[in-house]
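Spelled out from the first residue to the last, the chains are:
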Amino acid sequence: HTVLRNTSEPPEVARALSRVAGSATPRRPSRRTCRGCGLFSRGVFPAHRIHPTAQLMLARTRLSAFIPSLFVIRSRLAMSSATGTVTIHQPLNYRAGARVHPADGGPAEEVYEPATGRVICKVLCSGEKEVDLAVQSAKVAFKIWSQMSGMERSRVLLEAARIIREQKEEIATMETINNGKSIFEARVDIDISWQCLEYYAGLAGSLAGEHIQLPGGSFGYTRREPLGVCVGIGAWNYPFQIACWKSAPALACGNAMVFKPSPFTPVSVVKLAEIFTEAGVPKGLFNVVQGGAATGQFLCHHPDVAKISFTGSVPTGMKIMEMAAKGIKPVTLELGGKSPLIIFSDCALENAVNGALMANFLTQGEVCCNGTRVFVERKILDVFTKEVVKRTQKIKIGDPLLEDTRMGALINRAHLDRVQGFIKQAKEQGAEVLCGGDLYVPDDPKLKNGYYMRPCVLGNCTDDMTCVKEEIFGPVMSILPFDTEEEAVERANATKFGLAGGVFTRDIQKAHRVVAALKAGMCFINNYNLSPVELPFGGYKASGFGRENGRAAIEYYSQLKTVCVEMGDVESVF
Ligand SMILES: NC(=O)C1=CN([C@@H]2O[C@H](COP(=O)(O)OP(=O)(O)OC[C@H]3O[C@@H](n4cnc5c(N)ncnc54)[C@H](O)[C@@H]3O)[C@@H](O)[C@H]2O)C=CC1
Ligand SMILES: C[N+](C)(C)CCCC(=O)O
């Protein structure tokens, strides 16, 4: 019924695509078309009657009208998977369109639920053979996917976005259980994830080259071509979202992907792989290999990998770049930060306080672009600090699956200890703990072994303190007074990092002047930590290079071919 396209690809892709196309283009019945399938009746079937085969279509439509209510039930079930109850038994690798156990690999590693400290599953780290199988499976799918038009790829990505929306509650719940962030935030992450797929679905159909006239009627043109099999390596703070930020532009450009999440958060990305398959990507287009550094190294060294996109720490980023250099592979590096947030005395105070909380305490402070160095103009230092402390003390910590929780548990015991170590050192170096910083033990007995701490505000800070220089990746804000704009900008830039920065002021000229002077890839004026997928995101200096999101990401997942066409004769110099 919905033959909207050429049928040169394998039947499963054709079937999936026509299903997608069919559901994406509802047909309005007209007097001369069949009310069921929308086909022109050719007079054989009177307009008021329904084409017999279309009765099946109508039944399907009625069924799909019923399906949303099934999803509501499913979502409610997902929501009932309370903290401390979930265990995962399914395989966590995904290859050639199915969950699989790795063909080889190292020992199994335990995966925790940060809210309770319980083991929710074990992850089998993939070895060289498994990595190779995943790359080979991606290569096969790449041959099909890269030949499809942008519009065809767009339909599949839109369908994947739709399925994510539909399963949002289930995915967000899993993300909360495995990462420890509040369900409130996890839902936002999943929204940003499907929006990212929608955005690149929108761009896929418009990817094009140029036509350039040359003398004598000759001409040249450029083709924007995919790179091949891309590797995505993710951090644990935004497991599902990072996978979408990488796979959406990669797939829109016609690439295949092998993704390795952090071994701390292996769960939700396999769901994404299943959704891509359900949406109609060729089997093997998006694969998941689980594991840590060793698995990552097999991926980076693989000769058939065309590109590596990495999100993680600066030290690992350096290693990735070294490995990529050996194979002349392009890399995108989204690394850490120690971003400045500059609050001028002419700001709207309440907005600035809200901004400072947004800049520091999302996802328990485990956010790369956090504005953890809060420079406050001395004139408002006291009032600002007092208000920030008051609001920080009110943040509701606890069971991340509860609706009113705003801060859950940190990723694991080792990381919690590390953050605690930074606070201890800050005190030794002369900083004053204005609030929080201590461990938090919830009343609920099942949460006793979770990794909670109270969000912390540090006063009396100076630029040379470790807490001001190093990325803590926890809920710790350092407040630093300043007197002049020049001083604030200079101190803001005095860091090896350059991921983000922010300014709060009512003076628009000052706002633009200051962000223009900040050496950072992502700047905010009068807000912080928003993530519109339309805007490019990425760092300067040690925070990495390449961009995710926005049109800019297309550059990093495609390459340009130039074709020079001679319309005359060849004039040889020989
Ligand atoms: N700029 C950005 O967008 C973001 C940056 N980050 C940064 O990530 C860090 C926290 O995340 P982590 O997972 O602890 O970072 P990490 O660098 O330890 O690990 C990141 C990923 O790299 C893998 N990996 C580790 N060693 C490897 C190696 N030798 N070869 C290949 N892969 C390897 C890990 O298994 C994981 O999947 C923070 O520094 C944070 O700032 C986190 C999120 C976003
Ligand atoms: C979504 N946002 C802006 C809060 C953080 C994104 C970067 C990261 O993965 O840490």
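Residues numbered from 1 in each chain as written. Chains lettered and ligands numbered in written order. Predicted model: local features only at pLDDT ≥ 70, side-chain atom pairs only at ≥ 80, totals over all residues. Heavy atoms only, no water.

Participant: Break down helix H6 (residues 183-204) for me, citing the residues and quoting the values.
Facilitator: Taking 1.5 Å of rise per residue, 22 residues should cover 32 Å, and H6 covers 32 Å from first to last C-alpha, within 8% of that figure. For H6, a buried count of 17 out of 22 residues is recorded, marking the element as mostly surrounded by other parts of the structure. (Helix = DSSP H or I, 4+ residues; strand = E, 2+ residues; numbered from the N terminus. Expected span 1.5 Å × (residues − 1). Buried < 20%, exposed > 50% of the residue type's maximum accessible area, 1.4 Å probe, protein only.)

Participant: Explain the sheet that holds strand S18 (residues 522-525) to me, and be specific about the residues and the numbers.
Facilitator: Ordered in space as S14-S15-S16-S13-S12-S17-S18, the seven strands form an open sheet in which the pairing is mixed. Single-partner strands in this sheet number two, and they are strand S14 (432-435) and S18. Going across the sheet, the axis of each strand differs from the next one's by a mean of 25°, ignoring polarity. Judged from the three bridges that link them, S14 and strand S15 (residues 456-459) form a sheet pairing that is antiparallel. Bridged to Cys-435 within S15 is Val-457. The strands touched by helix H16 (residues 508-517) are strand S12 (340-343), strand S17 (500-504) and S18; relative to S18, the strand with the most contacts, the crossing angle is about 165°. (Pairing = 2+ DSSP bridges. Axes fitted to C-alpha atoms, helices over the stretch in contact; angles between N-to-C directions. Contact = heavy atoms within 4.5 Å.)

Participant: Run through the sheet that holds strand S20 (residues 558-565), naming residues and quoting values.
Facilitator: Spatially, the three strands line up as an open sheet ordered S5-S6-S20, and their pairing is antiparallel. Of all strands in the sheet, those with a lone pairing partner are strand S5 (211-213) and S20, marking the two edges. For this sheet the average axis-to-axis angle between neighbouring strands, irrespective of direction, equals 20°. Summarising the sheet, strand S6 (residues 219-226) and S20 pair through eight bridges and their orientation is antiparallel. By the bridge assignment, Phe-219 is partnered in S20 with Val-565.

Participant: Residues and numbers for the site of ligand 2, please.
Facilitator: Around ligand 2 sit Asn-237, Tyr-238, Gln-241, Trp-245, Val-367, Cys-368, Cys-369, Asn-529, Ser-531 and Phe-537, and those are all the residues in its vicinity. The contact in question runs from an oxygen atom of ligand 2 to an N or O atom on the side chain of Asn-237, over 3.1 Å. Measuring from an oxygen atom of ligand 2, one finds a backbone N or O atom of Cys-368 at 3.2 Å. Coverage of ligand 2 by the protein chains reaches 96% of its 320 Å² of free accessible surface. Residues of the shell around ligand 2, tallied by class, amount to six nonpolar, four polar and no charged. Inspection of the shell around ligand 2 shows a minimum of three residues originating in each of domain 1 (86-334) and domain 2 (340-532). (Near = heavy atom within 4 Å. Polar contact = N/O pair within 3.5 Å; in protein donor to acceptor, adjacent residues only side chain to side chain. Areas by Shrake-Rupley, 256 points an atom, 1.4 Å probe, with all protein chains shown as cover. Nonpolar A, V, L, I, M, F, W, Y, C, P; charged D, E, K, R; others polar. Domains from an automatic or database assignment.)

Participant: Can you explain empty space enclosed by the protein? Please cite residues and give values.
Facilitator: What the rule picks out here adds up to four cavities of 30 Å³ or more. Taken as a whole, the largest cavity encloses approximately 70 Å³ of empty space. Counted by class, the lining of the largest cavity contains seven nonpolar, four polar and three charged residues. Size it by volume and the second largest cavity reaches roughly 60 Å³. Considering the residues around the second largest cavity, the lining is formed by Gly-337, Lys-338, Gly-365, Val-367, Cys-368, Asn-370, Thr-372, Glu-471, Ile-472, Phe-473 and Gly-474. Taken together, the residues that form the lining of the second largest cavity break down as four nonpolar, five polar and two charged. (1 Å grid on protein atoms, 1.4 Å probe; cavity = no way out; pocket = protein on both sides within 12 Å on 5 of 7 lines; lining within 4 Å. Points joined across faces, edges and corners; volume = space filled by probe spheres on them.)

Participant: Summarise the site of ligand 1; cite the residues concerned and give the values.
Facilitator: The environment of ligand 1 is made up of 29 residues, and the closest members are Gly-234, Lys-260, Ser-313, Leu-335 and Glu-471. Contact distances for ligand 1 include 2.6 Å between an oxygen atom and a side-chain N or O atom of Ser-313. Considered on its own, ligand 1 offers 840 Å² of accessible surface; in the complex 88% of this is hidden by protein. Mapped onto the shell around ligand 1, the elements with two or more residues apiece are helix H9 (293-301), strand S10 (305-311) and helix H10 (314-326).

Participant: Go over the side chain of Asn-237 with me, naming the residues and quoting the values.
Facilitator: With respect to the helices and strands, Asn-237 occurs in the loop between strand S7 (229-233) and helix H7 (239-252). From its side chain, Asn-237 meets the backbone oxygen of Glu-366 in a polar contact 3.0 Å long. Ignoring sequence-local partners within four residues, the contact set of Asn-237 consists of Asn-179, Lys-181, Ile-242, Thr-363, Glu-366, Val-367, Cys-368 and Phe-473.

Participant: Account for the UniProt feature "domain: Aldehyde dehydrogenase" (unreviewed entry) in the protein, with residues named and values stated.
Facilitator: Listed under "domain: Aldehyde dehydrogenase" (unreviewed entry) in the UniProt record, and renumbered for this structure, are residues 109-563. Taken as a whole, residues 109-563 contains 41% helix and 20% strand, while its terminal C-alpha atoms sit 50 Å from one another. (UniProt positions renumbered as here; feature names shortened; annotations may be inferred.)

Participant: Mind laying out the pattern of salt bridges, listing which residues take part and the relevant values?
Facilitator: Across all of its chains, the model carries 29 salt bridges by this definition. The salt bridge involving Glu-548 is made with Lys-246; its shortest N-O contact spans 2.9 Å. Taken as a pair, Glu-548 in the loop between strand S19 (544-545) and helix H17 (552-556) and Lys-246 in helix H7 lie far apart in primary sequence, 302 residues in all. Among the ionic contacts, a cluster of salt bridges with common partners joins Arg-99, Glu-170, Lys-271 and Glu-274. (Salt bridge = Lys/Arg side-chain N within 4 Å of Asp/Glu carboxyl O.)

Participant: Please set out the UniProt feature "active site" (unreviewed entry) in the protein residue by residue, giving values where relevant.
Facilitator: On the UniProt side, "active site" (unreviewed entry) is annotated at positions that read Glu-334 here. Position of Glu-334 among the secondary structure elements: in strand S11 (residues 331-334). Among the residues examined, Glu-334 registers a relative accessible area of 3% and is labelled buried. In this structure, Glu-334 is in contact with Phe-310, Thr-311, Gly-312, Leu-499, Phe-537, Gly-538, Gly-539, Ser-543, Gly-546, Arg-547 and Glu-548, ignoring residues within four places of it in sequence.

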